[in-house]
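Report on the structure
In case you want the letters, here they are:
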Amino acid sequence: MRITISGPPGSGKTTACKTLSEKLGLEAVVFGKIFRQMAADRNMSLIEFGDLAERDPSIDEHIDSTILDIARSNEDVILESRLSAYMLSRNSIPAFKIYLSASPEVRMSRVGLREGETAEEAAKVTKEREASEAKRYMMYYGIDINDLSVYDLVVDTDNLNPDQVIEVIMDAIGGSKCL
């Protein structure tokens, strides 16, 4: 089964991806790690690298072609990225598409904790990152990342712990026509 997990920073994507990978025995590919590594390879912060990506479409093209290559060659994989659901839908590649959401307050608290920052510091960096991503996705692909119609399941993670999120996802996957 091919699964995509998307959502904004701090929504619980990576945690859900890791746990689902373990539970289902599927390889998980986290594209945020690839983006971070590309930034680190250039000795750039995420904000600096996002600014560069706004001027250099080859960065997103590389990541997005990698998403499609992996999806085409693996029927059993979990892809965690902001655009994986859109890319697979546009290319008629079947997948169960999950979107995790959370309020800005909860997300900034989680991001701050993860990055060792205050919620205020995390909010500043995350807002800039999200604005850059939204701009690039619209500019390069005509994708409004606020359009959730492409997803099979949308989960608000504000009041759920990671185990509860996985329970909701597993219940939905169990009833999915994609199995």
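Let me begin by describing the structure that accompanies this report. None of these values were measured; they are calculated from a predicted model.

1. Examining the packing of aromatic side chains
What the rule picks out here adds up to four aromatic pairs. Taken together, a centroid distance of 4.8 Å and an interplanar angle of 55° make the contact between Phe35 and Phe49 tilted. Of this pair, Phe35 sits in helix H2 (residues 31–41) while Phe49 sits in helix H3 (residues 46–55), and the two are 14 residues apart along the sequence. Residue classification places Phe35 among the buried residues on the basis of a relative accessible area of 12%. Taking the relative accessible area as the measure of exposure, Phe49 reaches 0% and is therefore buried.

2. Some words on the pattern of salt bridges
According to the stated counting rule, one finds eight salt bridges in the structure shown. Of the charged contacts, one joins Glu22 and Lys18 as a salt bridge, the two residues approaching to 3.5 Å between their closest N and O atoms. Taken together, the residues span about one helical turn, with Glu22 and Lys18 both in helix H1 (residues 13–24) at a distance of four residues. Judged by its relative accessible area of 55%, Glu22 falls in the exposed class. Note on Lys18: relative accessible area 55%, which makes it exposed. Glu133 serves as the salt-bridge partner of Arg82, at 2.4 Å between the closest nitrogen and oxygen.

3. Let's talk about the sheet that holds strand E2 (residues 27–30)
Pairing is parallel across the open sheet formed by five strands, whose spatial order is E2-E3-E1-E4-E5. Edge positions in the sheet fall to E2 and strand E5 (153–156), since each of these pairs with one other strand and no more. Between one strand axis and the next, the sheet turns through 20° on average, direction left out of account. Across four bridges, the pairing between strand E1 (residues 2–6) and strand E4 (residues 96–101) is parallel.

4. Some details on the nonpolar core
Counting 29 residues, the largest nonpolar core has Leu79 and Leu88 as the members making the most contacts within it. Looking at this core, the elements with two or more residues in it are H2, H3, helix H4 (57–73), strand E3 (77–80) and helix H5 (84–90). A per-element tally of this core places H4 first, with six residues. Other than its neighbours up to four places away in sequence, Leu79 contacts Ile3, Thr4, Ile5, Val29, Phe31, Ile67, Ile70, Ala71, Ser84 and Leu88. Formed by 18 residues, the second largest nonpolar core is a distinct cluster that contains Phe96, Ile98, Ile166 and Ile173.

5. Quick look at H2
Taken together, the buried positions of H2 are occupied by Phe31, Gly32, Phe35, Met38 and Ala39. An end-on view of H2 places all buried positions within 125° of arc, on one side of the element. Counted as exposed and oriented over 90 degrees from the buried face of H2: Lys33 and Asp41. Looking at the buried side of H2, the elements it contacts are E2, H3, H4, E3 and helix H7 (119–141). Positive backbone phi, approximately 55°, marks Asn43, located one or two places after H2.

About the thresholds
Residues numbered from 1 in each chain as written. Predicted model: local features only at pLDDT ≥ 70, side-chain atom pairs only at ≥ 80, totals over all residues. Heavy atoms only, no water. Phe/Tyr/Trp six-rings, centres within 6.5 Å; stacked < 30°, edge-to-face > 60°. Helix = DSSP H or I, 4+ residues; strand = E, 2+ residues; numbered from the N terminus. Buried < 20%, exposed > 50% of the residue type's maximum accessible area, 1.4 Å probe, protein only. Salt bridge = Lys/Arg side-chain N within 4 Å of Asp/Glu carboxyl O. Pairing = 2+ DSSP bridges. Axes fitted to C-alpha atoms, helices over the stretch in contact; angles between N-to-C directions. Core = buried A, V, L, I, M, F, W, Y, C linked by side-chain atoms within 4.5 Å. Contact = heavy atoms within 4.5 Å. Arc of directions from axis to C-beta.

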